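Residues per chain, in single letters:
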Amino acid sequence: MRGWVDADRAPFAALNVDPEVMEHFPSTLSRVESDHLVDLIQGGLVTRGWGLWAIELLATATFIGFVGLNAVPFEAEFTPAVEVGWRLGRAHWGHGYAPEAASAALDYGFGALHLDRIVSFTSLSNFRSQAVMRKVGMTRIGEFDNPGVAEGHPLRRHLLYAMDRPQHR
Ligand SMILES: CC(C)(COP(=O)(O)OP(=O)(O)OC[C@H]1O[C@@H](n2cnc3c(N)ncnc32)[C@H](O)[C@@H]1OP(=O)(O)O)[C@@H](O)C(=O)NCCC(=O)NCCS
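The structure reproduced in this document is the subject of the present report. Along each chain, the written sequence defines residue order, and numbers are assigned to residues from 1. pLDDT decides what is reported in this predicted model: residues at 70 or higher carry local features, side-chain atom pairs at 80 or more are listed and counted, and totals for whole chains, interfaces and linings draw on all residues regardless. Processing note: side-chain calculations cover all non-hydrogen atoms of the structure and skip hydrogens and water entirely.

## Let's talk about the site of the ligand
Rules: Distances are taken per atom, and a residue is near a molecule or strand as soon as one of its heavy atoms is within 4 Å of it. The term polar contact refers here to a pair of N or O atoms within 3.5 Å; inside protein, the definition further demands a hydrogen-donor-capable atom paired with an acceptor-capable atom, and it admits residues adjacent in sequence only when both atoms are side-chain atoms. A 1.4 Å probe and the Shrake-Rupley method give the accessible areas. Residues count as covered only by the protein chains that appear here. What counts as a helix is a DSSP run of H or I of at least four residues, what counts as a strand is a run of E of at least two, and both are numbered from the N terminus. Side-chain classes follow a simple rule in which Ala, Val, Leu, Ile, Met, Phe, Trp, Tyr, Cys and Pro form the nonpolar group, Asp, Glu, Lys and Arg form the charged group, and the remainder, Gly included, forms the polar group.
In the vicinity of the ligand lie 21 residues, with Leu 88, Gly 94, Gly 96, Asn 126 and Lys 135 positioned nearest. Lys 135 has a polar side-chain atom sitting 2.6 Å from an oxygen atom of the ligand. About the coverage of the ligand: the protein hides 71% of its 940 Å² of free accessible area. Only β3 (82-88), α3 (97-110), β4 (117-123) and α4 (127-135) provide two or more residues apiece to the shell around the ligand. When residues in the shell around the ligand are grouped by element, the largest group, 6 residues, is from α4. Residue classes in the shell around the ligand are distributed as 12 nonpolar, 6 polar and 3 charged.

Below, the structure written as structure tokens:
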């Protein structure tokens, strides 16, 4: 898990334009939108010192996507809150990389950042993401309509998971 470098932009754009990776988002991202997202993520990492880290395979130094922490960018019953999130290229699914990195992000959030609670959410249909939430020890606490998704859109209804800071931290 590391900061982003310019060489990450092309492989990140490639995964953001992949309909399979973006199946549970309202749309894929153009190169311009993808680069804008990198700018936002990089800016957050620089100003706060934490955020959505770039994920690189140790063995090959290949960039495969992001996993990390993010301030929830909308208002809801459970905000303000910090979420843990993930997006990896299709070729790298099923190896446990997202749970491995998400566990490290949770550790950082509860340890270094002293957060009391970290949330995660995804559309009802995103079973892979829900599996990651359960694998890292998060608990399903409810459902909500994501205001970032248009009313009436089938992806608007979301499941909300959360994890509270372990007692020993
Ligand atoms: C979600 C994502 C990050 C998972 O990353 P990963 O590193 O492949 O995670 P895992 O290796 O733990 O594999 C996913 C798990 O989901 C399970 N899974 C896959 N399809 C499933 C389904 N239809 N129902 C239930 N579980 C499913 C897999 O079996 C696997 O669990 P297992 O190892 O116990 O078998 C990755 O699929 C991804 O980037 N998806 C696209 C972006 C995205 O949706 N991000 C989340 C937005 S909220």
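## Focus: the nonpolar core
The condition that has to hold: Buried Ala, Val, Leu, Ile, Met, Phe, Trp, Tyr and Cys residues form a nonpolar core when they are joined through side-chain atoms within 4.5 Å. Relative accessibility thresholds used throughout: buried, under 20% of the residue-type maximum; exposed, over 50%; partly exposed, between the two (1.4 Å probe, protein chains only).
Trp 4, Leu 69, Val 84, Trp 86, Ile 118 and Met 138 are the most contacted members of the largest nonpolar core, which has 39 residues in total. Secondary-structure elements contributing two or more residues to this core are α1 (9-16), α2 (31-48), β1 (52-56), β2 (63-71), β3, α3, α4 and β6 (157-164). If you look at the next biggest cluster of nonpolar residues, it comprises 9 residues, including Phe 74, Phe 78, Leu 160 and Ala 162.

## Looking at the packing of α1 against α2
Let me state the cut-off plainly: With axes taken as lines fitted to C-alpha atoms, and helix axes fitted only over the stretch in contact, angles between N-to-C directions fall between 0 and 180 degrees. Note that the term roughly parallel is reserved for angles under 35 degrees, roughly antiparallel for angles over 145, roughly perpendicular for angles of 65 to 115, and oblique for everything else. For any pair of crossing helices, the crossing counts as left-handed if the nearer helix is rotated counterclockwise from the farther one by less than a right angle, and right-handed if it is rotated clockwise. Two residues qualify as a contact provided that any one of their heavy atoms is within 4.5 Å of a heavy atom in the partner residue.
Interhelical geometry of α1 versus α2 gives an angle of 120 degrees and a closest axis separation of 9 Å. If you check the angle between α1 and α2, you find them oblique. Where α1 crosses over α2, the handedness of that crossing is right-handed. Across the interface between the two elements, Arg 9, Ala 10, Phe 12, Ala 13 and Asn 16 from α1 touch Arg 31, Ser 34, Asp 35, Leu 37, Val 38, Asp 39 and Gln 42 from α2. The residue makeup of the contact of α1 with α2, split by class, is 5 nonpolar, 3 polar and 4 charged.

## Quick look at the packing of aromatic side chains
Our working definition: Only Phe, Tyr and Trp rings take part, Trp by its six-membered ring, and two of them pair if their centres are within 6.5 Å. Stacked means planes under 30 degrees apart, edge-to-face means over 60, and tilted covers everything else. Charges are assigned to positions over rings by a cutoff of 6 Å between ring centre and Lys NZ or Arg CZ, combined with an angular limit of 35 degrees from the ring normal.
One pass over the full model with this rule turns up 11 aromatic pairs. Consider the rings of Trp 53 and Tyr 108, whose centres lie 5.5 Å apart with planes at 85 degrees: the pair is edge-to-face. Placement of the pair is Trp 53 in strand β1 and Tyr 108 in helix α3, with a sequence separation of 55 residues. Note on Trp 53: relative accessible area 12%, which makes it buried. A residue is classified by how much of its surface remains accessible, and Tyr 108, at 33% relative accessible area, is partly exposed. Their ring planes at 85 degrees and their centres at 5.5 Å tell us that Phe 121 and Phe 144 sit as a pair that is edge-to-face. Taken as a pair, Phe 121 in strand β4 and Phe 144 in strand β5 (residues 139-145) lie far apart in primary sequence, 23 residues in all. An aromatic cluster is defined as three or more aromatic residues linked by ring pairs; in this entry it consists of Trp 4, Phe 12, Phe 63 and Phe 66. The aromatic ring of Trp 50 is capped on one face by Arg 48, whose charged end is 4.1 Å from the ring centroid. A cation over an aromatic ring shows up here: Arg 87 above the ring of Phe 25, its NZ or CZ 4.6 Å from the ring centre.

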